[in-house]
Structures are given as structure tokens and as C-alpha cells.
Amino acid sequence: HVFSFQSLDQILLSEYAGLDSTQQEIYRLVSFLEASCGTVHRQLILRLIDISATAVKSRLTELDGLVDEYDIEPDHGLYGWRTRHSVIAQTIAQYKYADDDEIAETLKHVIENINPTVWLELRMLREMCGSDSGISQIPNPEIRIQLLHRIIAIAPGERVPRHRLITALIELERYDDAEFEIEEAIRTVKRDPPLQRYKVRLHIAKAQHQVGLMREDRIALLKQAERLAQEAIERFPDDKHAYKAYADVGIALAHIGGDGSVLHHAVTELHKAAERLLDPEFSELAR
């Protein structure tokens with residue numbers, strides 16, 4: 001293919017077209033999972049596709065060079081499946097899972113077949129929540145929220161899906177739901193830097209967007225956000241995002257209340273943190 005005038009996409013799709021239907025189904029599912037969830041393993045594929053365990057060897061032989069198996073934890077029956085390259089996986093997934101409804105149904109099917117006692121599958125859930133090719137690629141926010149709720153139901157101790165759920169609820173201005181999920185997350189997985197920041201973001205969002213509030217009410221919400229942001233810096237002094245949240249409170253107070261003192265103090269704290277931690281991102285945030 002080195003001297004071919006075909007694009008990489010055309011080469012890969014022509015190669016795919018030459019496979020039989022079962023080979024295509026395996027290839028496209030492995031590609032999709034690799035792109036959206038990271039590491040894929042044999043037993044999960046067998047749960048998702050109707051392939052008998054006795055047929056695995058022959059199927060891998062047929063897909064030699066397209067889907068390869070490698071050892072993860074052989075003693076525990078964990079064997080990974082992967083394509084030749086992550087770019088190839090993303091390309092196949094892009095073309096063969098082009099319908100948003102099919103993407104959502106596939107992710108739902110994967111979630112329902114996850115075994116939360118397997119560390120690798122828990123990691124896949126985290127990757128599914130954090131990857132741009134995972135749940136976040138679904139344009140309908142309500143469907144994203146439904147999938148995140150399903151993940152939390154089977155893996156309540158995982159932080160990442162809770163973080164993504166709270167973010168989605170704040171963006172949709174479902175503030176009561178977001179507040180409930182923050183408190184539920186703190187109760188279940190304990191307070192961490194993102195959860196503390198989400199409390200700040202929630203108060204800022206209410207102050208900026210909630211209907212029916214007087215100016216003094218909005219300022220009161222931002223004063224609460226200021227206290228929460230200061231608490232975040234005290235609890236997590238090395239978290240640069242905590243300083244950014246504090247600055248966001250200051251910006252909102254400057255716009256709504258006409259008072260720039262909090263913003264000035266936040267920038268001063270950023271400079272102090274930059275000198276202490278020697279992290280150039282702090283200086284960039286301050287700038």
C-alpha cells in the first residue's frame with residue numbers, strides 16, 4: 001500500500017468489505033471498544049457477540065493481522081484483543097458505528113454485560129466515561145445521563161462516572177438534580193477535588209442562569225461559592241483547578257456585583273501557588 005493512491009480510510013474499508021459477516025462483526029466491535037473503552041478482552045467479546053468459546057481460535061486465525069490476541073493475566077483468563085493500531089480502530093469505529101442510536105445501544109449493551117468484579121472492566125467503564133470516543137460522543141445529553149446512571153448503578157464506588165454525571169446536569173441547568181448527585185457522591189465515594197469544585201460551579205451557574213432571582217440573591221449565591229472555593233484551596237492546595245474555580249467566582253462577582261476584589265485575590269493566590277509548586281500552568285491561568 002506504500003505506493004497506492006488510495007487513502008488510508010479507503011484501504012481499511014476495502015479490507016473490511018472482504019470479510020464475512022461474522023468477521024466484520026468481531027472486527028468492528030473490537031475497533032469500537034478499543035476506541036471508546038481502551039483495553040478489550042476476550043471474555044467480554046464473547047458475552048457481547050454470539051461466538052462459542054470453541055470457535056475463538058479459528059476466528060482469530062481468520063482475522064490474523066486485523067485482530068490479535070495477547071496476554072493480560074492468563075492465570076485469571078484475561079486475554080486482550082486489539083487491532084493493529086489505535087488510528088485503525090478509530091477509523092473502523094467511525095464508519096461502522098456512524099448512527100448515534102446504534103452507538104448508544106452498543107454502549108448500553110456493553111455496560112449491561114460488564115462484570116464489575118474484574119478490574120479491567122472497571123477500567124473500561126472509566127475510559128468510556130472519560131474518552132472523547134465514549135459516552136461523550138453521543139449528542140443527546142439525556143441519553144448520556146441515562147448511560148451514566150446505569151454505570152453508577154453497577155459500579156457505585158467509581159468516581160469518574162459521577163463526575164461526568166454532575167457536569168452534564170449542571171450544563172443542562174438541572175441544578176436540584178446536580179446538588180443531589182454531589183451530596184450522594186460525597187456520601188458514597190467521599191469528597192475529592194472535583195466534587196468540591198462542582199459545588200462551586202453549581203453556585204456560580206445558579207447565580208448566572210437561575211430565573212427569578214434578584215441581584216442580591218445572585219450575589220449571595222456567589223458569596224457562598226467564594227467560601228466553597230476558599231475551602232477547596234485549603235483542602236487541596238496543589239489542585240490548580242481549585243484556583244481556577246476561585247477565579248471564576250471572582251469573575252462572576254465582578255460582572256454581577258461590580259466587585260473585583262475577589263478576582264484580584266484569586267489571581268494573587270494563583271501567583272503564590274505558581275511560586276510554590278513551580279508549575280507553569282498556574283502562571284498561565286493567572287495571565
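Residues numbered from 1 in each chain as written. Predicted model: local features only at pLDDT ≥ 70, side-chain atom pairs only at ≥ 80, totals over all residues. Heavy atoms only, no water.

Novice: Whenever I open this one, the overall build of the protein confuses me. Can you help?
Specialist: Summing up its helical and strand segments, the protein has 15 helices and three strands in all. The principal-axis extents of the C-alpha atoms in the protein amount to approximately 70 × 45 × 40 Å. Within the protein, buried positions represent 47% of all 287 residues. Counting only contacts in the protein whose residues sit at least 6 apart along the sequence, the fraction spanning at least 24 positions is 60%. (Helix = DSSP H or I, 4+ residues; strand = E, 2+ residues; numbered from the N terminus. Buried < 20%, exposed > 50% of the residue type's maximum accessible area, 1.4 Å probe, protein only. Contact = heavy atoms within 4.5 Å.)

Novice: Can you walk me through the nonpolar core in this structure?
Specialist: Tyr27, Leu33, Ile45, Trp81, Leu107, Leu125 and Met128 are the most contacted members of the largest nonpolar core, which has 63 residues in total. No other element matches helix 2 (residues 21-37), which puts eight residues into this core. Setting aside residues no more than four positions away along its own chain, Tyr27 makes contact with Glu15, Tyr16, Leu19, Leu66, Val67, Thr83, Arg84, Ile88 and Ile92. In terms of nonpolar packing, the next biggest core, distinct from the first, is built from 27 residues, Ala229, Val249, Val262 and Ala274 among them. (Core = buried A, V, L, I, M, F, W, Y, C linked by side-chain atoms within 4.5 Å.)

Novice: Would you mind showing me how to read the pattern of salt bridges here?
Specialist: Any two side chains of opposite charge can pair, on the condition that their charged atoms come close. Applying the stated criterion across every chain yields a total of 24 salt bridges. For Arg174, the salt bridge goes to Glu142, with nearest N and O atoms at 3.0 Å. In this pair, Arg174 sits in the loop between helix 9 (159-171) and helix 10 (175-189) while Glu142 sits in helix 8 (residues 141-154), placing the two residues 32 residues apart along the sequence. For Arg174, a relative accessible area of 28% puts it in the partly exposed group. (Salt bridge = Lys/Arg side-chain N within 4 Å of Asp/Glu carboxyl O.)

Novice: For this particular structure, what's the right way to read the packing of helix 7 (residues 119-130) against helix 8?
Specialist: Axes are the key here: two packed helices are described by the angle between their axes and the distance separating the axes. Between helix 7 and helix 8, the shortest axis-to-axis distance is 12 Å and the interhelical angle comes to 160°. With respect to helix 8, the axis of helix 7 lies roughly antiparallel. The way helix 7 lies across helix 8 gives a crossing that is left-handed. Across from Leu125, Met128 and Cys129 in helix 7, the residues of helix 8 making contact are Leu148, Ile151 and Ile154. Looking at side-chain class alone, the contact of helix 7 with helix 8 contains six nonpolar, no polar and no charged residues. (Axes fitted to C-alpha atoms, helices over the stretch in contact; angles between N-to-C directions. Parallel < 35°, antiparallel > 145°, perpendicular 65-115°, else oblique. Left-handed = near helix turned anticlockwise from the far one by under 90°. Nonpolar A, V, L, I, M, F, W, Y, C, P; charged D, E, K, R; others polar.)

Novice: When you look at a negative patch on the surface in this model, what are you seeing that I'm missing?
Specialist: On the surface, Asp99, Asp100, Asp101 and Glu105 cluster together into a negatively charged patch. Following the sequence through the fold, Asp101 ends up in helix 6 (residues 100-112). For Asp101, a relative accessible area of 51% corresponds to the exposed category. (Patch = residues over 30% accessible without salt bridge, like charges linked within 9 Å, V, L, I, M, F, W, Y side chains within 5 Å. Areas by Shrake-Rupley, 256 points an atom, 1.4 Å probe, with all protein chains shown as cover. Lys, Arg positive; Asp, Glu negative; His and termini not counted. Charge placed at Lys NZ, Arg CZ, Asp CG, Glu CD.)

Novice: Just to check I follow, could you spell out the sheet that holds strand 3 (residues 78-82) for this structure?
Specialist: Consider a sheet: its strands pair through backbone hydrogen bonds, and that pairing is either parallel or antiparallel. Spatial ordering of the open sheet is given by 1-3-2, a layout of three strands whose pairing is antiparallel. The two strands at the open ends of the sheet, each matched to only one other strand, are strand 1 (40-41) and strand 2 (68-73). Where strand 2 and strand 3 come together, five bridges link them in antiparallel fashion. By the bridge assignment, Tyr70 is partnered in strand 3 with Gly80. Sitting on the sheet, helix 7 is in contact with strand 1, strand 2 and strand 3, with an inclination near 115° to strand 2. (Pairing = 2+ DSSP bridges.)

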